Amino acid sequence: MGLDGQEWTTLEALQASHANLFDPEEPGLTGIRTTPAFAIGQRALLIESPGGNVLWDCIALIDGATRAAIQERGGLKAIAISHPHYYTTMVEWSRALGGVPVYLHAADRQWAMRCDPCLRFWEGERLQLDDGITLIRCGGHFEGGTVLYWRAGAGGRGTLLTGDILQVVPDRRWVSFMYSYPNYIPLGEAAVHRIARAVEPFDFDRIYGAFHAMVVGENGKSAVQRSVQRYLKAIRGS
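Residues numbered from 1 in each chain as written. Predicted model: local features only at pLDDT ≥ 70, side-chain atom pairs only at ≥ 80, totals over all residues. Heavy atoms only, no water.

J.: It is not clear to me how the overall build of the protein chain should be interpreted in this structure. Could you clarify?
T.: What the protein chain contains, in helices and strands, is six helices and 17 strands. Taken over C-alpha atoms, the radius of gyration comes to 17 Å for the protein chain, in line with the 18 Å a tight globule of 238 residues would show. Sequence separation of 24 or more characterises 54% of the internal contacts of the protein chain that already satisfy a separation of 6 or more. Accessible surface computed for the protein chain: about 11,300 Å², of which carbon and sulfur atoms make up 52%. In the protein chain, which carries 23 positive and 25 negative side-chain charges, the distance between the mean positions of the two groups comes to 5 Å. (Helix = DSSP H or I, 4+ residues; strand = E, 2+ residues; numbered from the N terminus. Rg over C-alpha atoms; globule rule 2.2 N^0.38 Å. Contact = heavy atoms within 4.5 Å. Areas by Shrake-Rupley, 256 points an atom, 1.4 Å probe, with all protein chains shown as cover. Lys, Arg positive; Asp, Glu negative; His and termini not counted. Charge placed at Lys NZ, Arg CZ, Asp CG, Glu CD.)

Shown next as structure tokens:
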């Protein structure tokens, strides 16, 4: 959305004017982002796992080059998306990669504008996609807001892929929380506590946020704990 309101395009027009970049993040993890920057500008993250590759979050552009690059890395077993702002062309992504399932939390079912057999609405607080990849419902600015825990990430020390449910901030030592990013409305205290409780049982050293280069490179769990306390102090005015 720009200053003049929403604008619309088609996937075909996007394919003609944009391309996707593949950014190596660490062994087994690749970022995928569109250039020139488009819309919100989030990235997707491709996890290469012995149990089958998983795409975390979604971007609008899917084309032949992107499909080929993913197939070269072993294809996809599943797509999982953090929240409705990143649903975008998820059905086209699924079809391009063999009709793989797209996992969305059932609490956000109302925001899925297209019915398709690829959509899998999961319920509860956690869903294990394979032995080392777990979806965690956190809530936040959507009731079904989800993060992904990748146990093998960060050299086996564990990684969280958070979208903007836990937003990595520019100095990359902290995270923060918002109810509405474009309107600068902070998330309430109860919702922040809920996010903190949801991720507390997991050990993780690294956090990958929604945008390119937004990574807490080490001490990720401590960063979340410190960030929660800083955030709550700020919104309480103390």
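J.: Teacher, can you tell me more about the nonpolar core here?
T.: Counting residues in hydrophobic clusters, the biggest one holds 29 residues, and the most contacted among them are L55, L76, I79, I81, M90, W93 and V102. At the level of elements, α1 (11–17), β3 (44–47), α3 (90–96) and β6 (102–105) are the ones that each hand at least two residues to this core. Sorting elements by how many residues they give to this core places α3 first, with four residues. Ignoring any residue separated from it by four or fewer positions in sequence, one finds V102 in contact with I79, I81, M90, S94, C118, L119 and R120. Membership of the second largest hydrophobic core comes to 26 residues, among which are I165, V175, F202 and M214. (Core = buried A, V, L, I, M, F, W, Y, C linked by side-chain atoms within 4.5 Å. Buried < 20%, exposed > 50% of the residue type's maximum accessible area, 1.4 Å probe, protein only.)

J.: Even after reading the chapter, I still don't get the pattern of salt bridges, so can you show me in this structure?
T.: A side chain of one charge can pair with a side chain of the opposite charge if their charged atoms are brought near each other. In the structure shown here, the tally under the stated rule is 15 salt bridges. A salt bridge links D116 to R95; the shortest N-O distance between them is 2.6 Å. One end of the pair, D116, is in the loop between β6 and β7 (119–122); the other, R95, is in helix α3, and 21 residues separate them in sequence. On the accessibility criterion, D116 (16% relative accessible area) is buried. Judged by its relative accessible area of 52%, R95 falls in the exposed class. Each of E125, R137, E143 and R194 takes part in salt bridges that share partners, so that together they form one network. (Salt bridge = Lys/Arg side-chain N within 4 Å of Asp/Glu carboxyl O.)

J.: For this particular structure, what's the right way to read the sheet that holds strand β2 (residues 29–35)?
T.: Two strands in a sheet stick together by hydrogen bonds in their backbones, pointing the same way (parallel) or opposite ways (antiparallel). Spatially, the seven strands line up as an open sheet ordered β1-β2-β3-β4-β5-β6-β7, and their pairing is mixed. Each edge of the open sheet carries a strand with a single partner, namely β1 (19–26) and β7. Put simply, the sheet's adjacent strands are angled 25° from each other on average, direction ignored. Where β2 and β3 come together, four bridges link them in antiparallel fashion. By the bridge assignment for β3, T30 is matched with L46. Packed on one face of the sheet, helix α2 (residues 64–72) meets β1, β2 and β3 and runs near 25° to β1. (Pairing = 2+ DSSP bridges. Axes fitted to C-alpha atoms, helices over the stretch in contact; angles between N-to-C directions.)

J.: Could you clarify how one ought to interpret the layout of surface pockets in this entry?
T.: A probe matching the size of a water molecule, rolled over the atoms, marks out where space remains unfilled. By volume, the largest pocket is sized at about 1,700 Å³. As for the largest pocket, its lining consists of 40 residues, and the residues nearest its centre are F38, A39, I40, H85 and T88. Taken together, the residues of the lining of the largest pocket sort by class into 21 nonpolar, 13 polar and six charged. (1 Å grid on protein atoms, 1.4 Å probe; cavity = no way out; pocket = protein on both sides within 12 Å on 5 of 7 lines; lining within 4 Å. Points joined across faces, edges and corners; volume = space filled by probe spheres on them. Nonpolar A, V, L, I, M, F, W, Y, C, P; charged D, E, K, R; others polar.)

J.: Honestly, the pairing of β6 in this entry has me stumped. Any pointers?
T.: On any regular strand, side chains alternate: one points to one face of the sheet, the next to the other face. Both faces of β6 are covered, namely the face carrying V102 and L104 and the face carrying Y103 and H105. Of the strand pairs in this sheet, strand β5 (residues 78–80) and β6 are connected by two bridges, and their pairing is parallel. Bridging from a neighbouring strand, I79 pairs with V102 of β6. Handedness of the crossover is the feature at issue here: the chain leaves β5, passes through α3, returns alongside β6, and the resulting connection is right-handed. (Right-handed = clockwise from strand over helix to strand, strands pointing away.)

J.: Got a minute to help me understand α2 in this structure?
T.: Note on helix geometry: an α-helix contains 3.6 residues per turn, so any two residues three or four positions apart are oriented the same way. Every buried residue of α2 is listed here: T66, A69 and I70. Take α2 and look down its axis: the buried residues cluster within an arc of 95°, on one side only. Exposed residues lying more than 90 degrees from the buried face of α2 are G64, A65 and E72. At its buried positions, α2 is contacted by β1, β2, β3 and α3. The positive-phi residue at the C-terminal boundary of α2 is G74, with phi of around 110°. (Arc of directions from axis to C-beta.)

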